[in-house]
Amino acid sequence: MSQHEYYSLTVNGEQHPVQDAWIGESLLYVLRERLGLPGSKGACEQGECGSCTVYIDNAAVCSCLVMAATAVGSQIATVEGLNTDGSLTDVQQAFVTEGAVQCGFCTPGLVMAVHHLLDHNDSPNEQEVKEALSGNICRCTGYGRIFAAVESVISVRKSSAS
Amino acid sequence: MPVFIPSSLSEATSLLAEHPTAHLITGGTDFMVEVNFNHRHPETVISLRKIPDMQLWNIDKASGVVFIGASVPYATMEQGELADALPALAEAARTVGSPQIRAAGSIGGNLGTCSPAGDSLPVLAALNASVHLRSSDAERTLPFSEFMIGPKRNAKKPDEVITGVSIPMTNGWQGYAKVGVRNAMVISVASVCLAIHDKTVRVALGSVGPTIIRCSDAESWINSQDITAIDDSVAVEFGNRVSQESRPIDDHRSTAEYRRHAVGVLATRLLQRGTNA
Ligand SMILES: Cc1cc2nc3c(=O)[nH]c(=O)nc-3n(C[C@H](O)[C@H](O)[C@H](O)COP(=O)(O)OP(=O)(O)OC[C@H]3O[C@@H](n4cnc5c(N)ncnc54)[C@H](O)[C@@H]3O)c2cc1C
Ligand code: FES
Ligand code: FES
């Protein structure tokens, strides 16, 4: 049994103590407001936009719908942890190159969703890409540039693998 | 104001006995929306995510019954062995929210919320599933039809945890269809599950009444026909009879009139698919 008025979360492989938190706080809130990790964005706080996407024990979920104190003992991965040396991942670089970033608010969540998709399926077809990104809303781009970025990562990864 | 993360079912039920006002939480996809919007202010929470027994599922070929633990997420039901065993449940699971919601949301949470729009519920009704409940000193199993007693109301007692569901497989076709305003991220406006077992058709409706509706009149009518030779007029008549058994209301998502029409169309389509398969 574990009680958590003071608890500790494992984020990107590191332990982060959380103190004096109200138990109803979402993981999104704790990451941004208590742990200084503002990469995950909050827009709807009801699971509809995907801008807060993180991985919990390798599942891509909306951090706004995770009660932070229930994530004790889980491995949490955020967009900050994708590349710790500050360089861009291939997905992030492709978003830049293909012009998939306009206001950028949706970008961290989409980057997490794209990495998650490509980690599980290295050659998704168009339908699979669209379905995998159906939980991420972008109000700016109309998605065309985003799908182009995903296509470019798929083909670059394929040609460097062969 | 503690959060408990029990690692066994017996620990969870004793915690609930000790803390009768505690809230249960699994994926949080219903619960946290209410917390984020200040509709709930929980003081004590018991998280069911880390209980191995509740994450189990198994397909017992000998008895023909599938057990799914309450914490199993939609992502597990929508593909693989569970999807082969229960295609209608897989189709329903695949329509839920988005990949992120399906990775977190569970069948136990769908039963806990018990919304008439819950996508797993018409499937449980059509497949004659039963719901397993456990408290610190007792266990019981209810047929789904006795479990759901109203909109967002179920027969679970405050000291009980939903531990899982048992779902008999069918030896005939089964499928699920849902109408909403778009493909992704949509709560159903009307939904239908149709299943055929021993050449007998069963049909259950979601979002068109206070509970999930099993259409006993439409079922007995269609089962008095030869279902190996369903022509279009019989399928349409079946849809009309299904519509008549719906009890929809007007709300922010749709009108009663549209819902009554939509369930009929879905039922006709599913019957055609199921009997031509
Ligand atoms: C953006 C979005 C889209 C959605 N789309 C759909 C959709 O298309 N179709 C659909 O059906 N639903 C949808 N939902 C609702 C929700 O995802 C489902 O109802 C899901 O099954 C809830 O599961 P959960 O594990 O997240 O439940 P939680 O939020 O953890 O719990 C829900 C309720 O059930 C209780 N509970 C949880 N587990 C148990 C248990 N084992 N025993 C007893 N009580 C329990 C809780 O106390 C709570 O009252 C959506 C939600 C969101 C946020
Ligand atoms: S902020 Fe979490 S999904 Fe929108
Ligand atoms: S770039 Fe603005 S929301 Fe996507």
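Preceding this paragraph is the structure being described.
Note that the structure is a prediction, hence the values are computed from the model and not measured. (Residues numbered from 1 in each chain as written. Chains lettered and ligands numbered in written order. Predicted model: local features only at pLDDT ≥ 70, side-chain atom pairs only at ≥ 80, totals over all residues. Heavy atoms only, no water.)

### Focus: the overall build of chain A
From N to C terminus, chain A includes five helices and five strands. At 16 Å, chain A has a C-alpha radius of gyration in line with the 15 Å of a compact globule built from 162 residues. Seen along its three principal axes, the alpha-carbon backbone of chain A occupies a region of about 50 × 35 × 25 Å. Expressed as a percentage of the 162 residues in chain A, the buried residues total 50%. Long-range pairs, those at least 24 residues apart, make up 53% of the contacts in chain A between residues at least 6 apart in sequence. Per element, the accessible surface of chain A, about 7,400 Å² overall, is 48% carbon and sulfur. Of the charged side chains in chain A, 8 are positive and 18 negative, and the gap between their average positions amounts to 8 Å. (Helix = DSSP H or I, 4+ residues; strand = E, 2+ residues; numbered from the N terminus. Rg over C-alpha atoms; globule rule 2.2 N^0.38 Å. Buried < 20%, exposed > 50% of the residue type's maximum accessible area, 1.4 Å probe, protein only. Contact = heavy atoms within 4.5 Å. Areas by Shrake-Rupley, 256 points an atom, 1.4 Å probe, with all protein chains shown as cover. Lys, Arg positive; Asp, Glu negative; His and termini not counted. Charge placed at Lys NZ, Arg CZ, Asp CG, Glu CD.)

### Observations concerning the overall build of chain B
A tally of regular secondary structure across chain B gives 13 helices and 14 strands. Over its C-alpha atoms chain B spans a radius of gyration of 19 Å, differing by no more than 12% from the 19 Å that the globule rule assigns to 277 residues. In terms of principal-axis extent, the alpha carbons of chain B reach across some 60 × 45 × 30 Å. In chain B, which comprises 277 residues, the share counted as buried stands at 57%. A separation threshold of at least 6 residues defines the contact pool for chain B, and within that pool the share at least 24 residues apart is 61%. Carbon and sulfur atoms make up 49% of the accessible area of chain B, which amounts to about 11,700 Å² in all. Taking the average location of the 24 positive side-chain charges in chain B and that of its 28 negative ones, the two points are 4 Å from each other.

### Focus: the nonpolar core
The biggest cluster of nonpolar side chains holds 86 residues, and the ones touching the most others in it are Leu9 of chain A together with Ile68 and Phe144 of chain B. For this core, the element with the most residues is helix α9 (residues 121–126) of chain B, which contributes five residues. The residues contacting Leu9 of chain A, other than those within four sequence positions of it, are Glu14, Gln15, His16, Val18, Leu27, Val30, Leu35, Ala68, Ala71, Val72 and Ile76 of chain A. Ranked by size, the runner-up nonpolar core spans 27 residues in total, among them Val179, Cys215, Val242 and Leu270 of chain B. (Core = buried A, V, L, I, M, F, W, Y, C linked by side-chain atoms within 4.5 Å.)

### Notes on the sheet that holds strand β11 (residues 174–179) of chain B
All names here are of chain B. The antiparallel open sheet is built from four strands, whose spatial order is β11-β12-β13-β14. A single partner strand is all that each edge strand has here, and the edge strands are β11 and β14 (213–214). Relative to strand β12 (residues 190–197), β11 runs antiparallel, the two being bridged by six bridges. The residue of β12 that forms the bridge with Ala177 is Val192. Relative to strand β13 (residues 200–206), helix α12 (residues 232–245) is tilted by about 45°, and along the sheet it contacts β12, β13 and β14. Sheet strands in contact with helix α13 (residues 256–276) are β11, β12 and β13, and its direction is about 30° off that of β12. (Pairing = 2+ DSSP bridges. Axes fitted to C-alpha atoms, helices over the stretch in contact; angles between N-to-C directions.)

### So, the interface of chain B and chain A
Counting from both sides, the interface comprises 35 residues of chain B and, opposite them, 38 residues of chain A. Between chain B and chain A, a total of about 2,800 Å² is buried, with carbon and sulfur atoms accounting for 59% of that surface. In this assembly, chain B and chain A are joined by four salt bridges. A salt bridge links Asp57 of chain A to Lys50 of chain B; its shortest N-O distance comes to 4.0 Å. Connecting chain B to chain A are nine residue pairs in polar contact (both at pLDDT 80 or more). Those elements that provide at least two residues to the side of chain B that touches chain A are β1 (3–4), α1 (9–18), α2 (31–36), β3 (45–47) and α7 (99–104) of chain B. With six residues, the top contributor of residues to the side of chain B that touches chain A is α7 of chain B. The class makeup of the residues in the side of chain B that touches chain A is 20 nonpolar, nine polar and six charged. (Buried area = accessible area lost by both parts, 1.4 Å probe. Salt bridge = Lys/Arg side-chain N within 4 Å of Asp/Glu carboxyl O. Polar contact = N/O pair within 3.5 Å; in protein donor to acceptor, adjacent residues only side chain to side chain. Nonpolar A, V, L, I, M, F, W, Y, C, P; charged D, E, K, R; others polar.)

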